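A closer look at the structure
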Protein chains: 2
Amino acid sequence: MPTVSSEELAAAAGVNSAKLRKDFSYLGSYGTRGVGYDVEYLVYQISRELGLTQDWPVVIVGIGNLGAALANYGGFASRGFRVAALIDADPAMAGKPVAGIPVQHTDDLEKIIQDNGVSIGVIATPAGAAQQVCDRLVAAGVTSILNFAPTVLSVPDGVDVRKVDLSIELQILAFHEQRKAGEEAMEALPDGLPAAAAAKGSADQGPDGDVPAVMPA
Amino acid sequence: MPTVSSEELAAAAGVNSAKLRKDFSYLGSYGTRGVGYDVEYLVYQISRELGLTQDWPVVIVGIGNLGAALANYGGFASRGFRVAALIDADPAMAGKPVAGIPVQHTDDLEKIIQDNGVSIGVIATPAGAAQQVCDRLVAAGVTSILNFAPTVLSVPDGVDVRKVDLSIELQILAFHEQRKAGEEAMEALPDGLPAAAAAKGSADQGPDGDVPAVMPA
DNA sequence: CCATCTTTGTGCACGCGTTCACAAAGACAT
DNA sequence: ATGTCTTTGTGAACGCGTGCACAAAGATGG
């Protein structure tokens, strides 16, 4: 039986082993003292708790470059997501297959949502169309929306929205880049930014809190 | 002179006003007591500190759907980013304009980086090519990399990498969706997940910590 | 069956960030 | 000028998450 210790996992993930064990303990006592965690069982338990074992049908609205990129993205299927439909407002796109799935017209949006029991929608339209698409998705029964359009969507209570801004990550890199460049002239700067200085040596690859939280619109 | 108070900004951003004032104070004392902050001056100071006033030439490597979507993304220019070049390994793409910029071949990668003084690279290639492209970018002088390929890149010290996984946000939505669905049957579940339960009512649209940190690969 | 060794699960303490609360500062009216 | 009123900037307290350290649990070998 293949096992891992919290120590091994912690080293691989770059976190403290005690924190990892405490996190796991919230899911239950799945480890064996003196041995570690049964890999297969642990993966299953975490997957289940995270909802990876379920089948999540999603629709992608707006099949431009980004929508097509998402439709072709291989990482969805392995995480339980199934692209149930692609929807675009351009009649010329209708019927054209993208990633093996024929694009359908916006007119049929409500029917598509209901027929497939979709509760998660992805918006990859231009900014101008996003709110309108969002409203229709919500009215049709969608309760979670992933928004790639550069607009803040307003939704009724009970609907989750997550906004993905592709330039934010780039901005974080630029922020660190600026720090690197200004390091030799650090003392010459008018003010120091403690939070940023502390994060100077961060070597992770994740979207974690290593940049000030407040930004201008 | 248009001004805003910390109270107004805090309400708009959904944070505590004291925290906002303290954050601003790290940048200097830009407010006026009894009045608030001069909007224009404040925006400038924050922009400067964040590096938005600088010109950041970036290259995008891998001009598939995603690369094209990034090249067309309007949000870059306004944040100080300038797409200096598009690079692809496919000779058939060479010369073809995407978003008004002619695609160049990978062979010229080093020269392009050096001629344009590029320090930030975006990788939108298939997973198999990512590490190789990364190595060449780093060797050519790039010190910050935004990675859209589903691979963890290894880089020497001093190089920043940020990995963007388009399915993670979707997974967070699915996690909350599962919670919503299981809410009526909450007591029937074998275990509760305190962190998730606490985040139940979160209504923000940002990638903040409202989901467990550790995940299986 | 007992001893030893490994690794988990967790109480406890420390440290950091958030929030409270207030004095200082400045605008504005009289 | 002087007083009042608003809002900043920040010292201090609070709360939460992280990390330490160890007892309990179980495997493994003699």
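What counts, and at which threshold
Residues numbered from 1 in each chain as written. Chains lettered and ligands numbered in written order. Predicted model: local features only at pLDDT ≥ 70, side-chain atom pairs only at ≥ 80, totals over all residues. Heavy atoms only, no water. Helix = DSSP H or I, 4+ residues; strand = E, 2+ residues; numbered from the N terminus. Buried < 20%, exposed > 50% of the residue type's maximum accessible area, 1.4 Å probe, protein only. Contact = heavy atoms within 4.5 Å. Areas by Shrake-Rupley, 256 points an atom, 1.4 Å probe, with all protein chains shown as cover. Near = heavy atom within 4 Å. Polar contact = N/O pair within 3.5 Å; in protein donor to acceptor, adjacent residues only side chain to side chain. Phe/Tyr/Trp six-rings, centres within 6.5 Å; stacked < 30°, edge-to-face > 60°. Salt bridge = Lys/Arg side-chain N within 4 Å of Asp/Glu carboxyl O. pLDDT = per-residue confidence, 0-100. Nonpolar A, V, L, I, M, F, W, Y, C, P; charged D, E, K, R; others polar.

Some words on the overall build of chain A
Helices and strands together make up the secondary structure of chain A, namely eight helices and ten strands. Split into buried and exposed, the 217 residues of chain A put 47% on the buried side. In chain A, once contacts between residues fewer than 6 apart in sequence are set aside, the share between residues at least 24 apart is 48%. Here chain A has roughly 10,500 Å² of accessible surface; of this, 56% comes from carbon and sulfur atoms.

Brief notes about the protein's contact with DNA strand C
A:Ser6, A:Arg21, A:Gly34, A:Tyr37 and B:Arg33 are the nearest of the 21 residues found near DNA strand C. Here the atoms of DNA strand C within 4 Å of the protein split so that 58% fall in sugar or phosphate, with bases taking the remainder. Interatomic distance of 2.8 Å between a side-chain N/O atom of A:Arg21 and a base nitrogen of DNA strand C. At 3.1 Å from a phosphate oxygen of DNA strand C is found a side-chain nitrogen or oxygen belonging to B:Asn16. The leading source of residues in the surface near DNA strand C is helix α2 (residues 17-25) of chain B, at four residues.

Considering the packing of aromatic side chains
Residue and element names in this part refer to chain A. Summed over the entire model, instances satisfying the criterion amount to eight aromatic pairs over all chains. Taking 5.1 Å as the distance between ring centres and 70 degrees as the angle between the ring planes, the aromatic pair formed by Tyr73 and Phe76 counts as edge-to-face. Phe76 matches Tyr73 in its accessibility class, with the two residues each being buried. Among the aromatic residues, those joined into a cluster by ring pairs are Tyr73, Phe76 and Phe81.

Brief notes about the pattern of salt bridges
Within the structure shown, the criterion is met by 18 salt bridges over all chains. Notably, a salt bridge pairs A:Asp23 with A:Lys19, separated by 3.6 Å at the nearest N-O pair. A residue pair is termed a helical-turn pair when its members lie 3 or 4 positions apart in one helix, as A:Asp23 and A:Lys19 do in helix α2 (residues 17-27) at four residues. The exposure class of A:Asp23 is partly exposed, given its relative accessible area of 22%. With a shortest N-O distance of 2.7 Å, B:Arg162 and A:Glu169 are connected by a salt bridge. Taken together, the positions of B:Arg162 in strand β10 (residues 160-163) and A:Glu169 in helix α7 (residues 166-181) put the pair across two chains. Given a relative accessible area of 3%, B:Arg162 falls into the buried group. According to the relative accessible area criterion, A:Glu169 is buried, its value standing at 13%.

Here we look at the confidence of the model for chain A
All names here are of chain A. With 84% of its residues at a pLDDT of 70 or more, chain A has an overall mean of 86. Predicted confidence is poor over residues 186-203, with pLDDT under 50, and the contacts of this stretch with residues over four places away or in other chains come to 24 contacts. Below a pLDDT of 50 lies the segment residues 209-217, which in the model reaches 18 contacts outside its immediate sequence neighbourhood of four places, other chains included.

As for the protein's contact with DNA strand D
Not every one of the 21 residues close to DNA strand D is listed here, only the nearest: A:Lys22, A:Arg33, B:Ser6, B:Arg21 and B:Tyr37. The contact atoms of DNA strand D, taken as those within 4 Å of the protein, divide so that sugar and phosphate hold 59%. The separation between a base oxygen of DNA strand D and a polar side-chain atom of A:Lys22 is 2.6 Å. A distance of 2.7 Å separates a phosphate oxygen of DNA strand D from a polar atom in the side chain of B:Ser6. Considering only residue class, the surface near DNA strand D consists of five nonpolar, nine polar and seven charged.

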